[in-house]
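Results of the structural survey
Chain by chain, the residues run as shown.
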Amino acid sequence: MAYTKFGEYVRVLRIRCHEVMGDMAAKLETSVPFLSAVENGRKNVPADWVEKISQLYHLTPSERQELKDAIEESKTQYKITVGNAGITQRRAAMQFARSFDNMDDETAQKILELLSKQEGNK
């Protein structure tokens, strides 16, 4: 079974705290199947879990950052809000979404470089 970085992180956390998945699910006020789906990447980590896990397990600032990094690496979906975007920006977002699954690393790197240059001009 493949786990995401988040899944690996919370499994280690549970072992360290001598807990099973059911214990953590109860603390997070969710079901074991939902927690399992999040750990396996079938669902994104709910936004409030960083704070909940940090408080429930008394994470240090560095552990909290590790958790945030693990969550970011584990995301399976991203949402782009185009409400204030112009028509060209909307078309670019749609084209990116359509092309994403077939994009090679070279193209992705070029896009990153282009966007980094744009951020530098702000």
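The coordinates are above.
In this report, the structure presented in the accompanying data block is examined. Computed from a predicted structure; not experimentally measured.

Before going further, it helps to spend a moment on the layout of surface pockets. In this structure, the largest pocket spans a volume of roughly 500 Å³. Breaking the lining of the largest pocket down by element, the ones donating at least two residues are helix H6 (87-99) and helix H7 (105-120). Counted by class, the lining of the largest pocket contains eleven nonpolar, two polar and four charged residues. Volume-wise, the second largest pocket comes out at about 330 Å³. Considering the residues around the second largest pocket, the lining is formed by Lys75, Thr76, Gln77, Tyr78, Ile80, Val82, Arg90, Ala93, Met94, Phe96, Ala97 and Phe100. Taken together, the residues of the lining of the second largest pocket break down into eight nonpolar, two polar and two charged.

One can describe the packing of helix H4 (residues 49-56) onto helix H5 (residues 61-74) by two numbers: an axis separation of 10 Å at closest approach and a directional angle of 145°. In the packing of H4 onto H5, the handedness of the crossing is right-handed. Where H4 approaches H5, its residues Val50, Glu51, Ile53 and Ser54 are matched on the opposing element by Arg64, Leu67, Lys68 and Ile71. Taken together, the residues that form the contact of H4 with H5 break down as four nonpolar, one polar and three charged.

The final tally for this structure, using the stated rule, is three aromatic pairs. Both rings, one in Phe34 and one in Trp49, keep their centres 5.9 Å apart while their planes meet at 85°; by these two values the pair is edge-to-face. Pair noted here: Phe34 is in helix H3 (residues 32-39) and Trp49 is in helix H4, with a separation of 15 residues, a long-range link. A relative accessible area of 27% means that Phe34 is categorised as partly exposed. Take Trp49: its relative accessible area is 3%, and that puts it in the buried class. A centroid spacing of 5.7 Å and a plane angle of 55° characterise the contact between Phe96 and Phe100, whose relative ring orientation is tilted. What makes Phe100 partly exposed here is its relative accessible area of 49%. By way of ring pairs, the aromatic residues Phe6, Phe34 and Trp49 are connected into one cluster.

Glancing now at the nonpolar core. In terms of nonpolar packing, the biggest core is built from 19 residues, with Phe6, Trp49 and Ile53 touching the most fellow members. Of all the elements in the fold, those that place two or more residues in this core are helix H1 (5-16), helix H2 (21-27), H3, H4 and H5. Among the elements that take part in this core, H1 stands out by supplying four residues, more than any other. The contacts of Trp49, once residues within four sequence positions are left out, are Phe6, Leu28, Thr30, Phe34, Leu35, Val38 and Ser54.

Rules used in this analysis
- Residues numbered from 1 in each chain as written.
- Predicted model: local features only at pLDDT ≥ 70, side-chain atom pairs only at ≥ 80, totals over all residues.
- Heavy atoms only, no water.
- 1 Å grid on protein atoms, 1.4 Å probe; cavity = no way out; pocket = protein on both sides within 12 Å on 5 of 7 lines; lining within 4 Å.
- Points joined across faces, edges and corners; volume = space filled by probe spheres on them.
- Helix = DSSP H or I, 4+ residues; strand = E, 2+ residues; numbered from the N terminus.
- Nonpolar A, V, L, I, M, F, W, Y, C, P; charged D, E, K, R; others polar.
- Axes fitted to C-alpha atoms, helices over the stretch in contact; angles between N-to-C directions.
- Left-handed = near helix turned anticlockwise from the far one by under 90°.
- Contact = heavy atoms within 4.5 Å.
- Phe/Tyr/Trp six-rings, centres within 6.5 Å; stacked < 30°, edge-to-face > 60°.
- Buried < 20%, exposed > 50% of the residue type's maximum accessible area, 1.4 Å probe, protein only.
- Core = buried A, V, L, I, M, F, W, Y, C linked by side-chain atoms within 4.5 Å.

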